[in-house]
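# Structural description and commentary
Spelled out, the chains give:
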Amino acid sequence: MRIAVLSDIHANLPALDAVLADAGQVDAIWHLGDVVGYGPDPDGVVARLRDVGAIGVRGNHDAAACGGTEIDWFNADARRAMEWTRTAIGGRSIEWLSALPERRTIDGCELVHGSPRDPLWEYILSPSIARDNLAVLGQPIGLHGHTHIPVAYVEDDGRVDRVAPRRGTELGLEGHRALVNPGSVGQPRDGDTSASYLILDPAAGSMTWHRVEYDIGAVQAAMRDAGLPGFLISRLSIGL
Ligand code: ZN
């Protein structure tokens, strides 16, 4: 089984298309939320995910785009971008986003945006946060996004080991439970500007992280045309 796991696409269609082309033939496409927000093409990204039959979960930005009070917790730039998203997004996209559950279990994997114990909001940023979440994880593998940083936290004899993957890193779980983050497709924050995603074989417990270049300038031009905040535009050039 080759499953492409994508997260935090954030309305960045050139990045999503580059990832889909790079992944090639896969058995399924799973996404971990934040399909929209920040970026300039919410409808394009939702339409593409719908066309390729992607299944996944809701992120905090998706909930806010559907009118949720999550927007009250956003910083100033995220809020401005979300206000723009709400005016730009179409009814069909809202319908698709509204139908996303907060968590989903498939093939021994639990899919969430933030964390198993707080699917919309918690950032898994340390082995100790990961340990608390592994304790409530009901499946062998937990897939999450939200931090925009590729990482795996692997349980081993009561210890939790942090794996910081680079481009092309392969990991075999060998029966250990783990929380795994594919990184962000549309707004990477680990210092690498290229789109990040994961190819996963859930039954084998094996995975590979991939990075793909995309046309960052085209996305930034579309963001300028939409009047989106300058920091959100410039951060794509530095990957932070
Ligand atoms: Zn996000």
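Above this text is the structure in question.
My aim in this report is to walk through the structure given alongside it, one point at a time. Note that the structure is predicted; figures quoted are calculated from it, not measured.

What helix H7 (residues 216-226) keeps buried is the set Ile216, Val219, Gln220 and Met223. Down the axis of H7, the buried set is contained in an arc of 100°. They therefore lie on one face. Here the buried face of H7 lies against helix H1 (13-23) and helix H8 (230-238). The distance from a side-chain oxygen at the start of H7 to the backbone nitrogen of Gly217 is 3.4 Å, and the residue carrying that oxygen is Asp215.

Next up on the list: the pairing of strand E7 (residues 151-156). Relative to strand E10 (residues 178-181), E7 runs antiparallel, the two being bridged by four bridges. Bridge assignment links Val154 to a residue of E10, and that residue is Ala178. In the sheet, E7 pairs with strand E8 (residues 159-163) via five bridges, with the strands oriented antiparallel. In the strand pairing of E8, Glu155 is matched with Val160. Here E7 folds back onto E8 in antiparallel fashion, the turn holding two residues, of which Asp157 has a positive phi close to 55°.

Cut-offs applied
Residues numbered from 1 in each chain as written. Predicted model: local features only at pLDDT ≥ 70, side-chain atom pairs only at ≥ 80, totals over all residues. Heavy atoms only, no water. Buried < 20%, exposed > 50% of the residue type's maximum accessible area, 1.4 Å probe, protein only. Helix = DSSP H or I, 4+ residues; strand = E, 2+ residues; numbered from the N terminus. Arc of directions from axis to C-beta. Contact = heavy atoms within 4.5 Å. Polar contact = N/O pair within 3.5 Å; in protein donor to acceptor, adjacent residues only side chain to side chain. Pairing = 2+ DSSP bridges.

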